[in-house]
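Fold and geometry: a report
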Amino acid sequence: MKKLFSLSLAAVMAVGVVPVAHAEPGGCIKYGAAGAVGGHVANHHGVLGAMGGCVTGMYVRHRYRKESRAKAALYDKEHPGAKGTYAEKATAYDVEHSTQPGTMNPSNSAPQNNGPAPQGQPAPDATHM
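Residues numbered from 1 in each chain as written. Predicted model: local features only at pLDDT ≥ 70, side-chain atom pairs only at ≥ 80, totals over all residues. Heavy atoms only, no water.

All right, on to the overall build of the chain then. Counting secondary structure elements, the chain contains four helices and zero strands. Sorting the 129 residues of the chain into buried and exposed places 17% on the buried side. Within the chain, residue pairs in contact and separated by at least 24 positions form 39% of the contacts whose partners lie at least 6 positions apart. Taken as a whole, the chain presents about 10200 Å² of accessible surface, with 65% of it coming from carbon and sulfur. (Helix = DSSP H or I, 4+ residues; strand = E, 2+ residues; numbered from the N terminus. Buried < 20%, exposed > 50% of the residue type's maximum accessible area, 1.4 Å probe, protein only. Contact = heavy atoms within 4.5 Å. Areas by Shrake-Rupley, 256 points an atom, 1.4 Å probe, with all protein chains shown as cover.)

Have a look at this one:
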């Protein structure tokens, strides 16, 4: 009976992992499993750890999808009439603006000097900082 249970559990886990189409962070299963292990190690509170991990995973994925929708909206402003899902548009936005998934700002945080200073203002000088 134990062998049958182990094999069926392994089959269910293998089937659950295979159909993942695109990579999104977190999720209830991934964080829930980590929380269950952590809860089990911390005085045999596996169920409580799994529930906490599941809630955390859902929040992380919510935050990721919210940012993806924001990036897709910015992409739509730059490219009116563009077709595709919000995930595809967010990826295109990341490529065009050199951002990493999970961050809205470019990875190179150095300020860019785009031409001369506006009229009436001195040019920025790095020596007086």
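Another aspect to go through is the environment of Lys71. Looking at the element boundaries, Lys71 is found in helix α3 (residues 46–78). Residue Lys71 is classed as buried on the basis of its relative accessible area, which comes to 2%.

Throughout the structure, instances matching the rule amount to one disulfide. Note on cysteine connectivity: Cys28 is disulfide-linked to Cys54, with sulfurs 1.7 Å apart. Note on the Cys28 and Cys54 pair: the S-S dihedral is about -100°, so by sign convention the disulfide is left-handed. Residue Cys28 is found in helix α2 (residues 28–41), and its partner Cys54 is found in helix α3; the two are separated by 26 residues along the sequence. (Disulfide = S-S within 2.5 Å.)

This paragraph deals with α3. Given a rise of 1.5 Å per residue, 33 residues ought to cover 48 Å, and the 48 Å separating the end C-alpha atoms of α3 matches this to within 8%. Those residues of α3 lying buried are Gly46, Gly49, Gly53, Cys54, Gly57, Val60, Glu67, Ser68, Lys71, Ala72 and Tyr75. As for α3, its buried residues are in contact with α2 and α4 (86–97). (Expected span 1.5 Å × (residues − 1).)

For the rest of this paragraph, the subject is a nonpolar patch on the surface. Taken together, the side chains of Val47, Leu48 and Met51 define a hydrophobic patch exposed on the protein surface, amounting to about 330 Å² of accessible area. When you line up the elements, Met51 lands in helix α3. For Met51, a relative accessible area of 49% puts it in the partly exposed group. (Patch = residues over 30% accessible without salt bridge, like charges linked within 9 Å, V, L, I, M, F, W, Y side chains within 5 Å. Salt bridge = Lys/Arg side-chain N within 4 Å of Asp/Glu carboxyl O.)

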